[in-house]
Amino acid sequence: MANTLTEKQKVTLWQQRRSASYQASCKLEGFPQNETSLNSEDAAARLASLRRQYGR
């Protein structure tokens, strides 16, 4: 019996593939790499912080 991915797993896998594809495209075009080590939870926390700071 094959295991199926949950929706959250599918989204995570798609984001990882999209990121890898984007980085490969940038490398082919000769753009400098600027890797981030921010996961979705950290990004959401940072966004919430900025929204509080700027009143949105």
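Residues numbered from 1 in each chain as written. Predicted model: local features only at pLDDT ≥ 70, side-chain atom pairs only at ≥ 80, totals over all residues. Heavy atoms only, no water.

Help me get a handle on the pattern of salt bridges, residues and values and all.
The final tally for this structure, using the stated rule, is 1 salt bridge. The partner of Glu 7 in a salt bridge is Lys 10, and the shortest N-O contact between them spans 3.4 Å. Residue Glu 7 and its partner Lys 10 are both found in helix α1 (residues 7-29); the two are separated by 3 residues, about one turn of the helix. Assessed through its relative accessible area of 55%, Glu 7 is described here as exposed. Lys 10 sits in the partly exposed class, given a relative accessible area of 42%. (Salt bridge = Lys/Arg side-chain N within 4 Å of Asp/Glu carboxyl O. Helix = DSSP H or I, 4+ residues; strand = E, 2+ residues; numbered from the N terminus. Buried < 20%, exposed > 50% of the residue type's maximum accessible area, 1.4 Å probe, protein only.)

Quick one: what's the story with helix α2 (residues 40-54), residue by residue and with numbers?
Residues that lie three or four places apart on an α-helix share one face, since the helix turns once every 3.6 residues. Taking 1.5 Å of rise per residue, the 15 residues of α2 would be expected to cover 21 Å, and the 21 Å separating its terminal C-alpha atoms lies within 8% of that figure. Here α2 starts with a cap whose side-chain oxygen sits 3.3 Å from the backbone nitrogen of Glu 41, and that cap is Asn 39. At the exit of α2 stands Gly 55, carrying a positive phi of roughly 70 degrees. (Expected span 1.5 Å × (residues − 1). Polar contact = N/O pair within 3.5 Å; in protein donor to acceptor, adjacent residues only side chain to side chain.)

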